[in-house]
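Observations on the model geometry
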Amino acid sequence: MLKTSRSTENSSRIWSRPNLFAASIALAVTCAAGFFVEQQNQAVHHQRERVSVSNQLGQVRARLEDKLNSNIQLLRGLTAVISTEPNMPQSRFNAIAGNLMQGHPLLRNIAGAPDLVVSLMHPIEGNRVAIGLDYRKNEAQREVVMRVAETGDVIVAGPVDLMQGGRGFIVRFPVFLDGVETTETFWGIVSGVIDVELLYAESGLLVQDLPLDIAISGKDATGKEGPVFFGEASLFDKDPVSVDVRLPNGSWHLAAIPRDGWSANPANAWHVRLLVLLGGLFVVIPILIAGHFYDRHRADIKELNRRERLLQQLSQRLTLALETSKIGVWEMDLESREVTWDSRTRELYGIDHDTRPLLIGDWKSALHHDDRVRAETEFEHSLSSGTPYNSEFRVVYPNEGVRWIRTIGATTHDADGRRKIIGVNWDVSQDIELKSHLMAAMESAELRNHELEDARAQMEHNSLHDSLTGLPNRRYLDQHLAETSKHNAITALLHIDLDRFKQINDTLGHAAGDAMLIHTAAILKESSRSGDFIARIGGDEFVLAITGEAGENELSRIARRIIDKIRQPVPYGKHECRFGVSIGIAFADPETPGYGERLLIDADIALYRAKNNGRNRFEFFTSSLKAEIIQNKRVADDILNGLERGEFLPYFQPQFDAHSLDVTGVEALARWDHPKEGVLAPEKFLATANELNVVHLIDRTVLEQVLWHSTHWKTAGIDIPKVGINVSAGRFHEDGLIESLEGLSFAPGTLSFELLESIFLDERDETVARKIAKLEQLGIDIEIDDFGSGYASIVSLVQVRPSRLKIDRQLIMPIVERPSQQRLVSAIIEIGRSLDIKVIAEGVETMEHATILRDMGCDDLQGYALARPMPPAQLVEFMQNKRLRHIA
């Protein structure tokens, strides 16, 4: 008993020291956490208190702004009436002012001062002393009044002591007769007096139970730095919550604190402290209890270590025996399917570096794909029948090596009654290899007998097939069409052409292109039906000849499946290649002799239409498509003839100053004077001209005529400051553009090129930037046409510095109905101003458009509301006839 007691006492001394140390650490951490929680609780309390004050102060600010703005808007309406009735008598003034002041008790009086002398007043009673006041001679008010007259700004002054008695805020509005702020049309001043005390009362500043102390600074709308005119100035030094009241020409600064001041401690301080104390106890007490079991745990560890050493000795003996025999041992739990392999077995399977737990799936995945089904079947048969397991199979190494394994196993039960299978593996690769050599020697003799026959068949095959894809070639297709057309076997033909294939060849090389062609051939084989004929007839062209019955829906399904599969990304090396396909489909007409050749032509026409309609699609050949092709050819021929006969000419649409509506220039627009169809707009011929690549020729002839007309206008005394010409991408990138312009006669600044932003607003294109610089050296201004419809960046605008931006009509049209569109257009105008770039708006369809754009600050206007495009003779008449310009 004495020995046991001493052991217990020693054990207690051993664990008590670390236990007490851990408890001390826990107590210190608890105290630190409590201090942190206390600080956070106070911070949250102060933040909530400030948010509450901010919300209440925001309500006061909102009422102040609402009362002020509603009364200011009344005065703004009165100034609008006076600008239309400058000689308004006192009776008329009384009637209008009286109506405005009904229901607005804050307005004490309204005064009108034509030529800065007060002669209009409402109400007159109580305010007669102010009638006849000359602001120019009044020292107290002269400075503010003159500032209103000179700047045209609305000014809120006060609070001030009134001549009529009392205090008020004075709102002064300048009045201009025609709405344009110039000194020649200045009428005078309209003043309104807002009662100070009523404003304070209705805004809630004088409420007795208001839980806030509020002070306001910014007398005369001078903002935060201005004098304090309400409340105590010392309040601004007490860390107040502050907001600004926005006025037309400045602001007031409101500050507020709780009426009883900021509280130091939150109400829940002791609750939080109690929770921290309880949390500390929950941490310290379990630590003390855990120390009691520390010694027992150490004793258990010692016993486990002893048994582990004994087990390790037994394991070393077994390992030595297995390594000597080069046999690996494996085991599998038949319930969990978990597999246990020793190091030799892992080595045989090539995963000796992998130490993770294994499952039956790891064994199955290591099997050679040719042996997998057989090996799994033998293994499952052994498990189900209970017979010994005996098998031979190949395993694949992670580095793609192969090894033959022979395995033997048997089922058993462990001490817990769990059913398991235990077996051994060993390498038999050398035995299998020797056997394979013997079999290969026998097969080699038979193989040589077939080589000559295969070579002859291969030569015949190569002459009719594409060497890259293995598909029939054009020669084979021609033979096939000629043969099958005799029996009406072919019902339709799909002419297939790859889109963006050239880019892959140019960027990744021909090897990548070849891989894409092989990939395409595989997709066509998958997508075609049994009996259909597939051929590669060109670099990236394929043909799918449909045999048997197939309607339009079936052919559409086949074509759509081909398109969907081909546009999927194709991995090639470290790249993903993306390309599309266009398909033309034509039905066979058995009544047409030799319809096979006709079928190819019709499918090619349908393919051409598919590419013109955006590529990556399919189109059927129809009689209307054939007629359209013929019509397009006729239009193309007419365009070429029209260029030779000089049928392309300019029409001119005037451009106007947004404020004065004076003509600031004209835009030259290409028109085609067709001998049969009359004058045609660009949408009738531009697409075909683009296909013919003659748009730059049309631009050139229009430019030459514009310069001729410009010289004619000067001779006739017609002043048109500037002519803008639309220049296509082809014309702009023409090598001889600069040289062709150097000999032309025009005054610098009178000619501008309107370019689509997509042509040049690319900061990486140094060639375009150099060409723009040369054009500017010749005196030709650069303007951006249809701004907002492309991808121009602000950086590009800064680098290029065009003389003018033309906002696209799609942005201008909706501004009458949609304020959001007005803000977008206003932002573009502001960008132009900030970069010193003039802004012109096109698509001005109504005078309401013109008024809105003028008020936004737009420089110039162009549109049907002002003038339509017109031929040169009509433009001359328009410029010479002031009446026509006035009507416009």
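For the structure, check the block above.
Here is a short report on the structure shown in this document.

Procedures and definitions
- Residues numbered from 1 in each chain as written.
- Predicted model: local features only at pLDDT ≥ 70, side-chain atom pairs only at ≥ 80, totals over all residues.
- Heavy atoms only, no water.
- Helix = DSSP H or I, 4+ residues; strand = E, 2+ residues; numbered from the N terminus.
- Buried < 20%, exposed > 50% of the residue type's maximum accessible area, 1.4 Å probe, protein only.
- Contact = heavy atoms within 4.5 Å.
- Areas by Shrake-Rupley, 256 points an atom, 1.4 Å probe, with all protein chains shown as cover.
- Patch = residues over 30% accessible without salt bridge, like charges linked within 9 Å, V, L, I, M, F, W, Y side chains within 5 Å.
- Salt bridge = Lys/Arg side-chain N within 4 Å of Asp/Glu carboxyl O.
- Pairing = 2+ DSSP bridges.
- Axes fitted to C-alpha atoms, helices over the stretch in contact; angles between N-to-C directions.
- Core = buried A, V, L, I, M, F, W, Y, C linked by side-chain atoms within 4.5 Å.
- Arc of directions from axis to C-beta.
- Parallel < 35°, antiparallel > 145°, perpendicular 65-115°, else oblique.
- Left-handed = near helix turned anticlockwise from the far one by under 90°.
- Polar contact = N/O pair within 3.5 Å; in protein donor to acceptor, adjacent residues only side chain to side chain.
- Phe/Tyr/Trp six-rings, centres within 6.5 Å; stacked < 30°, edge-to-face > 60°.

Notes on the overall build of the protein chain
Summing up its helical and strand segments, the protein chain has 28 helices and 31 strands in all. Once the C-alpha set of the protein chain is aligned to its principal axes, its extents read approximately 130 × 120 × 50 Å. A total of 888 residues make up the protein chain; the buried ones form 42% of that total. A fraction of 61% describes how many contacts in the protein chain between residues 6 or more apart in sequence connect residues 24 or more apart. Working note: accessible area of the protein chain is about 49200 Å², and carbon and sulfur atoms make up 54% of it.

Quick word on a nonpolar patch on the surface
Together, Leu274, Leu275, Leu277, Leu278, Leu281, Phe282, Ile285, Ile289 and Phe293 line one region of the surface with nonpolar side chains, adding up to about 940 Å² of accessible area. Tracing the backbone shows leucine 278 in helix H5 (residues 269-292).

Let's talk about the environment of aspartate 673
The topology assignment puts aspartate 673 in strand S24 (residues 663-674). Setting aside anything within four residues of it in sequence, one finds aspartate 673 in contact with Glu647, Leu649, Gly678 and Val679.

Side note on the sheet that holds strand S7 (residues 228-230)
Read across the sheet, four strands follow the order S7-S6-S9-S8 without closing on themselves; strand pairing throughout is antiparallel. The sheet is open, and its two edges are formed by S7 and strand S8 (241-247), each paired on a single side. Put simply, the sheet's adjacent strands are angled 30° from each other on average, direction ignored.

Digging into the nonpolar core
Of all hydrophobic cores here, the largest spans 71 residues; its most connected members are Trp713, Val723, Phe753, Val825, Leu853 and Leu861. Counting residues per element, this core draws most heavily on helix H18 (residues 695-715), which supplies seven residues. The contacts of valine 723, once residues within four sequence positions are left out, are Phe652, Val666, Ala668, Val706, Trp713, Thr750, Leu751 and Ser752. Core analysis: the next-biggest nonpolar cluster, separate from the first, contains 46 residues, Leu78, Val154, Tyr200 and Val245 among them.

Things to note about the pattern of salt bridges
Counting across every chain of the model gives 51 salt bridges. Ionic pairing is found between aspartate 497 and lysine 611, a salt bridge with its closest N-O pair at 2.7 Å. Of this pair, aspartate 497 sits in strand S16 (residues 490-499) while lysine 611 sits in helix H15 (residues 595-612), placing them 114 residues apart in sequence. Between arginine 809 and glutamate 845 there is a salt bridge, with its nearest N and O atoms 3.8 Å apart.

Focus: helix H26 (residues 847-856)
Among the residues of H26, those classed as buried are His849, Ala850, Ile852, Leu853 and Met856. Axial view of H26: buried residues confined to an arc of 170°, hence all on one face. Taken together, the buried residues of H26 touch helix H24 (809-812), helix H25 (819-834), strand S30 (838-842) and strand S31 (860-862). At the C-terminal side of H26, glycine 857 shows a positive phi close to 100°.

Comments concerning the packing of H25 against H26
At a closest axis distance of 10 Å, the pairing of H25 and H26 adopts a crossing angle of 45°. Taken together, H25 and H26 sit at an angle that is classed as oblique. Both H25 and H26 take part in a crossing whose hand is right-handed. In contact with Gln822, Val825, Ser826, Ile829 and Arg833 of H25, H26 contributes Ile852, Leu853 and Met856.

Some words on the pairing of strand S23 (residues 648-657)
Burial of S23 is extensive: eight of the ten residues sit out of reach of the surface. Strand direction decides the pairing type here: S23 and S24, joined by nine bridges, are antiparallel. Looking across to S24, one finds that glutamine 653 is bridged to glutamate 667. The hairpin turn running from S23 into S24, its antiparallel successor, is five residues long, and leucine 661 in that turn takes a positive phi close to 60°. Across two bridges, the pairing between S23 and S31 is antiparallel. Along S31, the bridge assignment pairs aspartate 657 with aspartate 860.

Observations regarding the side chain of histidine 122
Checked against the element boundaries, histidine 122 lands in strand S2 (residues 120-122). A distance of 3.2 Å separates the side chain of histidine 122 from the side chain of asparagine 94, its partner in a polar contact. Here histidine 122 is in contact with Phe93, Asn94, Ala97, Gly98, Met101, Asn109 and Ile110, once residues within four sequence places are set aside.

Regarding the packing of aromatic side chains
Evaluation of the coordinates by the stated rule reveals 19 aromatic pairs. The interplanar angle of 70° and the centroid separation of 5.3 Å between the aromatic rings of phenylalanine 229 and tryptophan 252 together place this pair among those described as edge-to-face. One end of the pair, phenylalanine 229, is in strand S7; the other, tryptophan 252, is in strand S9 (residues 250-258), with 23 residues separating them in the sequence. Residue phenylalanine 229 is classed as buried on the basis of its relative accessible area of 13%. The exposure class of tryptophan 252 is buried, given its relative accessible area of 1%. Consider the rings of phenylalanine 587 and phenylalanine 620, whose centres lie 5.9 Å apart with planes at 10°: the pair is stacked. A residue pair is termed long-range when its members are at least 10 positions apart, and phenylalanine 587 in strand S21 (residues 580-587) and phenylalanine 620 in strand S22 (residues 618-620) qualify at 33 residues.

Looking at unusual backbone geometry
With omega at -10°, the peptide bond leading from histidine 122 into proline 123 counts as cis. Notably, leucine 116 is not glycine yet its phi reads approximately 70°, a positive angle. Checked against the element boundaries, leucine 116 lands in the loop between strand S1 (107-114) and S2. Exposure remark for leucine 116: the relative accessible area of 3% places this residue in the buried category. Although it is not a glycine, asparagine 616 sits at a positive phi angle of roughly 55°.

A few points about the side chain of glutamine 821
Mapped onto the elements of the fold, glutamine 821 is located in helix H25. Judged by its relative accessible area of 9%, glutamine 821 falls in the buried class. If we ignore the near neighbours within four places in the chain, the residues touching glutamine 821 are Gln810, Leu811, Pro814 and Ile815.

Topic: the sheet that holds strand S18 (residues 541-547)
Sheet strands line up and pair through hydrogen bonds in the backbone, either parallel or antiparallel. Ordered by their spatial adjacency, five strands build an open sheet running S17-S18-S16-S21-S22, and the pairing between neighbours is mixed. Every other strand in the sheet has two partners, leaving strand S17 (533-536) and S22 as the edge strands with one partner each. For this sheet, the mean angle separating the axes of adjacent strands, direction not counted, is 15°. Summarising the sheet, S21 and S22 pair through three bridges and their orientation is parallel. The partner of isoleucine 583 across the bridge, within S22, is phenylalanine 618.

A look at the pairing of strand S6 (residues 212-217)
The buried fraction of S6 amounts to five of the six residues, a majority that puts the element mostly inside the structure. Relative to S9, S6 is paired through six bridges, and the arrangement is antiparallel. Considered in S9, the bridge of aspartate 213 is made with isoleucine 257. Direction of pairing for S6 relative to S7: antiparallel, over a ladder of two bridges. Looking at the pairing, serine 217 lines up with valine 228 of S7.

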